[in-house]
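Spelled out from the first residue to the last, the chains are:
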Amino acid sequence: MKKPDHYAVFGHPVAHSLSPLIHTWFAEQTGEALHYSRQDVPPECFETAVGAFRAGGGQGLNCTVPLKELAFRLADTLSPRAQLSHAVNTLLFRKDSVIFGDNTDGVGLLRDLTENLGLALANKNILVLGAGGAARGILGPLLEQNPKLVIIANRTEERAVMLAEQFASFGNIRACGFAQLQDRPFDLILNATAAGLHGQLPPLPNGLIAPGGVCYDLMYGEKALPFLEWGRVQGAEIAVDGLGMLVEQAAEAFWLWRGVRPSTESVITRLRDRA
Ligand code: ATR
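Our subject in this report is the structure included herewith. Keep in mind that this is a model prediction, so the values were computed, not measured.

Comments concerning the environment of R136
Mapping R136 onto the fold places it in helix α6 (residues 133-144). Given a relative accessible area of 15%, R136 falls into the buried group. For the pair R136 and L117, spaced 19 residues apart in sequence, the C-alpha to C-alpha distance is 22 Å. With residues near it in sequence (within four places) discarded, R136 still touches L84, S85, H86, L163, Q166 and F167.

Things to note about the site of the ligand
Taken together, 13 residues form the shell around the ligand, and within it N154, T156, R159, A194 and Q200 come nearest. In this structure, R155 approaches the ligand through a side-chain N or O atom, which is 3.0 Å from an oxygen atom. A distance of 2.8 Å is found between an oxygen atom of the ligand and a backbone nitrogen or oxygen belonging to A194. Coverage of the ligand by the protein chains reaches 75% of its 640 Å² of free accessible surface. Here the residues of the shell around the ligand are counted per class, giving four nonpolar, seven polar and two charged.

Re the pattern of salt bridges
Within this structure, the stated rule accounts for ten salt bridges. Notably, a salt bridge pairs R258 with D5, separated by 2.8 Å at the nearest N-O pair. Taken together, the residues R258 in helix α9 (residues 243-258) and D5 in strand β1 (residues 5-11) connect sequence positions 253 residues apart. Comparing R258 with D5, the two get one shared label, buried. Here R81 and E252 are joined by a salt bridge, their closest N and O atoms 3.1 Å apart. Taken together, the positions of R81 in helix α4 (residues 80-85) and E252 in helix α9 put the pair 171 residues apart, joining distant regions of the chain. Among the charged side chains, a network of salt bridges with common partners joins R81, D102, R111, E115, E252 and R261.

What about the packing of aromatic side chains?
Tallying each qualifying case throughout the model produces seven aromatic pairs. For the ring pair F167 and F170, a centre distance of 5.9 Å and an interplane angle of 50° mean the geometry is tilted. Judged by relative accessible area, which is 39%, F170 ranks as partly exposed. Ring centres of F227 and W230 lie 5.8 Å apart, and the angle between their planes is 20°; on these two criteria the pair is classed as stacked. Note that F227 and W230 are positioned in helix α8 (residues 225-233) at a spacing of three residues, about one turn of the helix. Residue F227 shares its accessibility class with W230, and that shared class is buried. Aromatic ring contacts, followed pair by pair, group Y7, Y36 and W257 into a single cluster. When the ring centre of Y220 is taken as reference, the NZ or CZ atom of K223 above it lies at 5.5 Å. The side chain of R270 reaches across the aromatic face of W25, ending 3.8 Å from its centre.

Calculation notes
- Residues numbered from 1 in each chain as written.
- Predicted model: local features only at pLDDT ≥ 70, side-chain atom pairs only at ≥ 80, totals over all residues.
- Heavy atoms only, no water.
- Helix = DSSP H or I, 4+ residues; strand = E, 2+ residues; numbered from the N terminus.
- Buried < 20%, exposed > 50% of the residue type's maximum accessible area, 1.4 Å probe, protein only.
- Contact = heavy atoms within 4.5 Å.
- Near = heavy atom within 4 Å.
- Polar contact = N/O pair within 3.5 Å; in protein donor to acceptor, adjacent residues only side chain to side chain.
- Areas by Shrake-Rupley, 256 points an atom, 1.4 Å probe, with all protein chains shown as cover.
- Nonpolar A, V, L, I, M, F, W, Y, C, P; charged D, E, K, R; others polar.
- Salt bridge = Lys/Arg side-chain N within 4 Å of Asp/Glu carboxyl O.
- Phe/Tyr/Trp six-rings, centres within 6.5 Å; stacked < 30°, edge-to-face > 60°.
- Lys NZ or Arg CZ within 6 Å of the ring centre and 35° of its normal.

In structure tokens:
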């Protein structure tokens, strides 16, 4: 019998990654014969670890924090969305030996927002908190939805300004610091900062959420709690974490590797029930 194809997630740390569980459930659901593991890979070992994984017959990888920029640099060919985000979360080792790099984070977020939560983003005012890699990965797909305005607000204002300049040709996008957000209601606020990793919240003024507004944290579980709690207190109609985005970005990677699109709804429900 043919050995199952091998995939893995590389990260540092990676012990709590849900990706092995998600891809195992996708494989069960679709009947695809694959094995998916996790490997703790410090940045300085990344290239060697990828080489060893390929030499062992590995077919593709997911790369998570802090390896997405290294994966971007390692790939021989990049998808347009990976080029735009300067980060790669999915590697495909092609039969012609080319390493193809993609970034499925942005499309994963968009699928969760538009298909799972049923939101329409055209003509909406959107606030993105943070100007690091996570923010960068979602700006292209967000602007494709033709929102009225996207504002990037960041603790270090210059980083937000630089990011807004880089994406200016894709839509109406501006930048500011948190203090300048006073009295501007938004239909959707996305938290793409790392503040939740330390149980913190960016210093946000009151009155930021428009009636019926949505707060979405790109992180999931405990790390999303400070921002989601803030959103509920501030009157958000929906305050939701990034678990759906995690499953959707995985489904897009699965599609790239296997040419089969798994259904995500049951996987999101199973993960929520598990928590
Ligand atoms: P990532 O790839 O996860 O985006 P990053 O590039 O290190 O990681 O960016 C982290 C983001 O979270 C940045 O926007 C950072 O703000 P600065 O650019 O000012 O550093 C933001 N961030 C981290 N901790 C924060 C905190 N306690 N409050 C507000 N913003 C914070």
